[in-house]
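# Notes for the structure review
Here is what each chain is made of, one letter per residue.
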Amino acid sequence: MHIPVFERGIIPPDPVAPDSLKGIPRQKTNPSRWQGDNWQDFVRDLQSRGVTVCEGRADCSVFMTDAGGVAYSLPHGVVRPNSAEDISKVLRAAQAHRVPVTTRGGGLTTEGESVAFGGLLLDMSSMNRVLEINSDAMTVRTQAGIFWHQLAEILRRDNLDYLSAPLNLTASVGGTLGVGGIDVNSPRLGCSADQAVVLQVVTPTGDIVNCSERENPDLMERVLFGYGQFGVITEATLKIRKFTPITIQYFYYSSLRTAIEDLQFIAREDASDYSGILTILDRAITLLVAFDSDEREREFNTRWKRSLRGHGEAGFGLRMAGHYTMHPWRIKEAAYIIGRRFKLFPEFWRPEFMHHGKIIDRTVVFSRAVWKFWGGPQMVIPDLSSKAEKFVEAVERGNAVCRKYFRHYTLYCVGIKLRGRLPRYEMSCIPPDASDIAYGCEFEPMLRGTNYSRDYLQSFKNEIYDIGVDMGLSYYRFGGMMKGYIRRAMGDELVDKHLAMKKAADPAMVLNAEVIF
Amino acid sequence: MSHTRKGRARALQGGATIEDIAASVDACLLCGSCEPVCPEGIGIASMNMEQRSKLNKLRTNYPPWYPKPSGINTRIKDNALHNSIILIAGEYPGFDIKAHSNVIKLLGGNKKVSLAADDGRDIAGLLEAGLPVSQDRIDNFIRPLRHADKLVVPEGLLHVPLRKWLSGKKVIGIGEALLSSAHIRKALGPEDLYIIECRGYHSDYERLVKFYDRLRKETGCQTNLDLQRIAIPTGASSLQAKKDVEAAGCLEQARWIIRGRSMKRIVVEDIADLDVFQRVADVPVIHISQFSGDNS
């Protein structure tokens, strides 16, 4: 088909069915969204600067969705940068030609934040080298496109480990620092973003800048937890530690409230090195407590263990048997819980990951379990984050929503140690009223074996997000398709303040423009 | 641009053709490491061979490392072998007839172990390239093997098809076969880096991960397993590496495997790894068949 070329600013007739549009002026359906303007000039500009833009169908389709599997779109082209200089060239050209740029690491967003709705996609996974391990300062300097798992592989050769990272093998360092990053040791060590010491950032206007808490601290505070709005993280210097195998203890509850209160007690008392709650529905609630050293475990056993109200597995099994004997019409639920337990728990005790009763490579063990038992082509994981005092209510209300929508689901709760009131926490997953330790809960339906419509899943997510609006909470994920909640949850004043900062830093509003604003 | 396995699936879902992702399909070394870690349990390596097969039907120019797409129908006359164990191993530099004899001795001697005259090397090459293998050729290959209980097959790529063609037979690699002997295991120690042959290992991962974990705990030897207990491949057995070992990335992979490790010897299961590690390591590199079982 021949498509005639028209002068810029002229609205052409529709090339597909011109007859059907007689007398009807052609209009853009969404004039605020970028429509492909200047793309060819932009590509030529980049090519002249030595940057390769891949525009093939195969290259672009790779990035058509994210882990959420609900948002689908294609970029016009993809750049796999080799250096900060490449990214600088991309962003300078993007500003000049007003072409949107979406950055992507492991693509583990769930609301389409790393899906490019046209424009250029920066595939950061090409920048995946560890640059320096400093075992005196206990830091590692790495390119930001590296996955945490790759980083762990490299650190382990020197018997070292990172501090905290998402329990997912394909999360990238840069992407994680941009949103927070929560691990089961976050009640003690905080978010992954708080482990960053120095960052190299390419600003939206293409400047390559180093930042830390001393050097360009304002940029550092904007980029961490910044959802990719204020720069592309190209290198990160992170704190590291000696590698340690861990021991785990499990406590079982039938009450969400009791389990959460005990989780908060452990976090408040700093009684363990790792803690979190994983549930099977709201019937079998497991509080996981783990330790880096025998000394810490001994101290826990001596000082705090007796205060916990959870049961051992045998005791809990007997209580469950009693409960379901009294409620025989729920026998299917009992069968599901038992089946789930027998499938899931052995994954945590696989002999190849155990040594002298301790789990080695906990990241792998947990991440494999997450992929195997909670993963899938579509990851629907709305979440809420709250200060300690509101957390039980938030989880109980979210749990009621899960019950309403799904037969099978799980909740994952964890604490997040805060470093005071840092500017980086403003308009982030950290709730505005939290101090010392914040708490987060993910609500995850088990989707396998049942086909739910996109509307049904979205309705479920909306009901969870509405709880956040109602209670004044925050969310780990508040970008992408749920950005409509930002003003409701955080207020116009705060959002406008950040929008003004964004406009100042990114005059053409091209960097990750679809994520937040 | 190269793609991961998932990337290739996405590309095809997004409307790309098999020819669009040809470079990526050809680049795969078929080490099989993607299969055990696939959360969906997808047989990814075999999918890749199928994609090569589809690609071959569409193209006329084959990569330079491909075996000849036609005219291969090796017919080696081999009588039925009646011993319970059959070693299917061809001759390679460093793994010659003398080494075969040693392996047979270690596995129980000539009364128990036979050496197949046909090593199926051409079949492995055709399968790897996604080229057709005639049923006649397959029949010729497996006919002498039908009386055996156990097949010891150093070529890991043949493990899955042999299990399919000769269902009920135990198909194991040369490493597992030899390491089942306590004498051989005793020859390994903490200062050894033991390189597991990837294709065979990943084809029977759930069983072998336990086998090699026991080996590691018993002997203290280091292995090429990563944190996920996936065997890091050099890719030395691949068709691409047979053409150009450096361009296939084998030396780089081998350097990564030995990086940061303290060892006094490297022991390889895959004979193709012998040369690769000899080129990058400054410690002795031996093939497992060089163990004598009592003086190693």
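This structure is a prediction, so every number in the text was calculated from the model and none was measured.

Thresholds applied
Sequence order as written defines the numbering, with residues in each chain counted from 1. Written order determines the labels here, with chains lettered from A and ligands numbered from 1. Residues qualify for local features only when their pLDDT is at least 70, as the model is predicted, and side-chain atom pairs are given and counted only at 80 or more; totals for whole chains, interfaces and linings, by contrast, use all residues. To get the side-chain values, all heavy atoms of the structure are used, and hydrogens and water are removed first. Put simply, DSSP marks the helices as runs of H or I at least four residues long and the strands as runs of E at least two long, and each gets a number from the N terminus on. Radius of gyration here uses only the C-alpha atoms, and the compact-globule reference equals 2.2 Å multiplied by the residue count raised to the power 0.38. Three labels apply to residues, based on accessible area from a 1.4 Å probe with only protein chains included: buried if under 20% of the type maximum, exposed if over 50%, partly exposed otherwise in between. Contact criterion: two residues are considered in contact whenever any of their non-hydrogen atoms come within 4.5 Å of each other. Put simply, buried area is how much 1.4 Å-probe accessible surface two parts lose in total, over both of them, once they are put together. Put simply, a salt bridge is a Lys or Arg side-chain nitrogen that is within 4 Å of an Asp or Glu carboxyl oxygen. Residues adjacent in sequence count toward polar contacts only when both atoms are side-chain atoms; beyond that, a polar contact is any pair of N or O atoms within 3.5 Å, and within protein one must be able to donate a hydrogen and the other to accept it. Amino acids are sorted into nonpolar (Ala, Val, Leu, Ile, Met, Phe, Trp, Tyr, Cys and Pro), charged (Asp, Glu, Lys and Arg) and polar (every other residue, Gly among them). Strand pairing is defined by DSSP finding a minimum of two bridges between the two strands. Simply put, an axis is a line fit to the C-alpha atoms, just over the touching stretch for a helix, and the angle between two N-to-C directions goes from 0 to 180 degrees. Domain delimitation in this document rests on an assignment produced automatically or drawn from a domain database. Think of it as the arc spanned by the lines of direction from the helix axis to the C-beta atoms.

## Concerning the overall build of chain A
When you go through chain A residue by residue, the secondary structure sums to 16 helices and 17 strands. By the compact-globule yardstick of 24 Å for 517 residues, chain A fits well, its C-alpha radius of gyration being 24 Å. Counting only C-alpha atoms, chain A reaches 80 × 60 × 45 Å along its principal axes. Counting every position in chain A, which comprises 517 residues, the buried fraction comes to 59%. Of all intrachain contacts in chain A linking residues separated by at least 6 positions in sequence, the fraction that spans at least 24 positions is 71%.

## Observations concerning helix α4 (residues 148-156) of chain A
An α-helix turns once per 3.6 residues; consequently, residues spaced three or four apart project the same way. Taken across its 9 residues, α4 of chain A has 8 buried, putting it largely inside the fold. Considered for burial, the residues of α4 of chain A that qualify are Trp148, His149, Leu151, Ala152, Glu153, Ile154, Leu155 and Arg156 of chain A.

## Notes on the interface of chain B and chain A
Counting residues at the interface gives 30 residues for chain B, matched by 33 residues for chain A. The contact between chain B and chain A buries some 2,700 Å² in all, and 56% of this surface belongs to carbon and sulfur atoms. Scanning the region where chain B abuts chain A turns up 2 salt bridges. Here Asp361 of chain A and Arg229 of chain B are joined by a salt bridge, their closest N and O atoms 2.6 Å apart. At the boundary of chain B with chain A, the tally comes to 11 residue pairs in polar contact (both at pLDDT 80 or more). No other element matches helix α12 (residues 205-219) of chain B, which puts 6 residues into the side of chain B that touches chain A. Taken together, the residues that form the side of chain B that touches chain A break down as 12 nonpolar, 7 polar and 11 charged.

## A closer look at the sheet that holds strand β5 (residues 192-195) of chain B
Strand pairing in a sheet relies on backbone hydrogen bonds, with the paired strands running either antiparallel or parallel. Residues and elements named next belong to chain B. If you walk across this open sheet you meet the 4 strands as β6-β5-β7-β8, and the pairing is parallel. For this open sheet the edge positions go to β6 (222-223) and β8 (285-287), each flanked by a neighbour on one side alone. Note that strand β7 (residues 265-268) and β8 share 3 bridges and pair parallel. From the neighbouring strand, Val267 faces β8, where its bridge partner is Ile286. Sitting on the sheet, helix α15 (residues 271-280) touches β5, β7 and β8, and the angle it makes with β8 is about 175°.

## Examining the environment of Glu514 of chain A
Residues and elements named next belong to chain A. Secondary-structure assignment places Glu514 in the segment after α16 (492-505). A sequence separation of 481 residues divides Glu514 from Arg33, and the C-alpha atoms of the two residues are 9.0 Å apart. Excluding anything up to four places from it in sequence, Glu514 contacts Arg33, Phe117, Gly480 and Lys483.

## What to know about the environment of His356 of chain A
Checked against the element boundaries, His356 of chain A lands in the loop between β13 (354-355) and β14 (358-359). Polar contacts involving the side chain of His356 of chain A include one to the side chain of His355 of chain A, which spans 3.4 Å.

## Describing the domain arrangement of chain B
Buried accessible area, meaning the area lost when the parts come together, often serves as the stated size of an interface. All names here are of chain B. Taken domain by domain, chain B consists of domain 1 (5-58), domain 2 (85-174) and domain 3 (177-290). For domain 1 versus domain 2, the distance between C-alpha centres works out to 27 Å. The interface of domain 1 with domain 2 comprises 6 residues on the first partner and 6 residues on the second. Of the roughly 440 Å² buried between domain 1 and domain 2 on both sides combined, carbon and sulfur atoms contribute 53%. Taken together, the links from domain 1 to domain 2 amount to 0 salt bridges. Summed over the shared surface of domain 1 and domain 2, the result is 3 residue pairs in polar contact (both at pLDDT 80 or more). Residues belonging to the side of domain 1 that touches domain 2 are distributed by class as follows: 3 nonpolar, 2 polar and 1 charged.

## A word on the pairing of strand β17 (residues 437-445) of chain A
Residue and element names in this part refer to chain A. With 8 of 9 residues buried, β17 is to be regarded as a mostly interior element. With 5 bridges connecting them, strand β15 (residues 383-387) and β17 associate as antiparallel partners. Directly across from Leu384, in β17, lies its bridge partner Cys441. The sheet contact formed by strand β16 (residues 409-417) and β17 spans 9 bridges and is antiparallel. Its bridge partner being in β17, Tyr412 is matched across the sheet by Glu442.

## Let's talk about helix α9 (residues 294-303) of chain A
All names here are of chain A. If you check which residues of α9 are buried, you get Arg296, Glu297 and Phe300. Buried positions in α9, seen along its axis, are confined to an arc of 100° and lie on one side of it. The exposed set on the far side of α9, more than 90 degrees from its buried face, consists of Glu295 and Thr302. Turning to α9, the residues buried within the fold contact α6 (186-189), β10 (247-253) and β12 (284-291).

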